[in-house]
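# Coordinate analysis (summary)
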Amino acid sequence: MTTTQRSSCGGEPSTARSSSRSLRLAVVGLSPRGSLGRCRRPTGRDGVDVAAVVLGVVAARGGAGASTFAATVARGLAVRTSTALVDLDRASGGIDVLLGLEGTDGVRWPDLVGARGDVSGSDVVALLPRWGRCAVLSSDRFRPGVPEPAVVADVLHGLCSALGAVVLDLDRAAVVTGESLVAVCDSVLVVAPRDLRSVAGVLAMRPFLDGPDVGLVVRGPAPGGLGASELAAAVDLPVLATLRRDRRLAPALERGGPPARGRTARTAARLVRGVL
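Residues numbered from 1 in each chain as written. Predicted model: local features only at pLDDT ≥ 70, side-chain atom pairs only at ≥ 80, totals over all residues. Heavy atoms only, no water.

So, about the environment of Arg263. Mapped onto the fold, Arg263 is located in helix 9 (residues 263-273). Judged by its relative accessible area of 32%, Arg263 falls in the partly exposed class. Between the C-alpha atoms of Arg263 and Arg244, which are 19 residues apart in sequence, the distance is 7.0 Å. Once you skip the residues sitting within four places of it in the chain, Arg263 turns out to touch Leu243, Arg244, Arg245 and Asp246. (Helix = DSSP H or I, 4+ residues; strand = E, 2+ residues; numbered from the N terminus. Buried < 20%, exposed > 50% of the residue type's maximum accessible area, 1.4 Å probe, protein only. Contact = heavy atoms within 4.5 Å.)

For the rest of this paragraph, the subject is the confidence of the model for the protein. Averaged over all residues, the pLDDT of the protein equals 81, while 80% of them reach at least 70. Across the protein, the secondary-structure element scoring lowest on mean pLDDT is strand 2 (residues 30-31), at 32, and the one scoring highest is strand 6 (residues 134-137), at 98. A low-confidence stretch, residues 1-48 stays under pLDDT 50, and its non-local contacts, those more than four residues away or across chains, total 155 contacts. (pLDDT = per-residue confidence, 0-100.)

Let us now look at the pattern of salt bridges. As enumerated under the stated definition, the model contains 10 salt bridges in all. A salt bridge links Asp96 to Arg108; the nearest nitrogen and oxygen atoms lie 3.1 Å apart. One end of the pair, Asp96, is in helix 2 (residues 95-98); the other, Arg108, is in the loop between helix 2 and helix 3 (121-127), and 12 residues separate them in sequence. Several salt bridges converge on common partners, so that one network encompasses Arg90, Asp171 and Glu179. (Salt bridge = Lys/Arg side-chain N within 4 Å of Asp/Glu carboxyl O.)

Right, let's get into the environment of Leu231. With respect to the helices and strands, the residue Leu231 is situated in helix 7 (residues 228-235). Put simply, Leu231 and Val199 are 32 residues apart on the chain and 6.5 Å apart in space, counted from C-alpha to C-alpha. Apart from the residues within four sequence positions on either side, Leu231 is in contact with Ala192, Pro193, Arg194, Asp195, Val199, Leu216 and Leu226.

Within strand 9 (residues 213-219), 5 of the 7 residues are buried, which leaves it mostly tucked inside the rest of the structure. As defined by bridge partners, strand 8 (residues 187-193) adjoins strand 9 across 7 bridges and the pair is classed as parallel. Note on strand 9: the bridge partner recorded for Pro193 is Arg219. Where strand 9 lies against strand 10 (residues 239-243), 4 bridges are found, and the strand directions are parallel. Counterpart to Val217 in the pairing with strand 10 is Ala241. Considered for its hand, the β-α-β crossover made up of strand 9, helix 7 and strand 10 is right-handed. (Pairing = 2+ DSSP bridges. Right-handed = clockwise from strand over helix to strand, strands pointing away.)

Before going further, it helps to examine the packing of helix 6 (residues 196-205) against helix 7. Between helix 6 and helix 7, the least distance of the axes is 9 Å, while the angle of their chain directions is 30°. Relative to helix 7, the element helix 6 lies roughly parallel. The two elements helix 6 and helix 7 meet at a crossing, and its hand is right-handed. In this structure, helix 6 contributes Val199, Val202 and Leu203 to the contact, and helix 7 contributes Leu231, Ala234 and Val235. (Axes fitted to C-alpha atoms, helices over the stretch in contact; angles between N-to-C directions. Parallel < 35°, antiparallel > 145°, perpendicular 65-115°, else oblique. Left-handed = near helix turned anticlockwise from the far one by under 90°.)

The strand order across the open sheet formed by 8 strands is 5-6-4-7-3-8-9-10, and the pairing between neighbours is mixed. Looking at the sheet topology across the chains shown, the edges are occupied by strand 5 (130-131) and strand 10. Pairing of strand 4 (residues 83-87) with strand 6, which is carried by 3 bridges, proceeds in the parallel orientation. Among the inter-strand pairings, Val86 is bridged to a residue of strand 6, identified as Leu137. Against the sheet, helix 1 (residues 66-80) touches strand 3 (53-59), strand 4, strand 5, strand 6, strand 7 (165-169), strand 8, strand 9 and strand 10, its axis set at about 175° to strand 7. Where helix 4 (residues 149-162) meets the sheet, its contacts fall on strand 3, strand 4, strand 6 and strand 7, and the angle it forms with strand 7 comes to roughly 145°.

See the structure below:
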């Protein structure tokens, strides 16, 4: 793949907000888990400060719109600080397709299979495609999957050392099997439509969502009348935000990514204000 160097995203990593864990080379890599937006600056591997707030987004079920919401949150964060959106869905055709970046030069996960040890986050960011101000590390539709966990841990450590925020589009199946990167996150947003499939999906993940701050982003409508509070009570998680039907969303996705205006963008902006 031909790569082109791109301008840096946002600005310098935030010094007021920082991650509450030390990134280490382990299966999911990091410890301990912290609280989003209420963090102290840790020392990462080899004495390198880890600056980034890490936010995970996962779907309660297929078709919930978690990738779309992760991208919208990442764009909002990128206005305030240097940000990367990281695709960790092993079955994904690439979040770059969702954003209309599939034809844009830049490295994808398969290009980083040899990235081990002390990975320079700034060098990786310079080679990533960009969606506005946000750097995007995507899977590749022609080379599906993500590298082995040790490579992912090293690349994420580098990104967290170089950026102010990292948004992880988490793999729901990996969360259910306890193989995801939930443990790296300061906070996790579970995007859940108001139906029984979402209840079942969240309950399947629930044993692996006890560490970081976790909350629901509840989407309507509710075909069977399931309320947001009923869903929250069933899975024992708080509702952080609600998403009503956004008429701008579907047309915008066909043109290259979630819209910058509308209900989805406003909901994401409210959550971002609580992060930085």
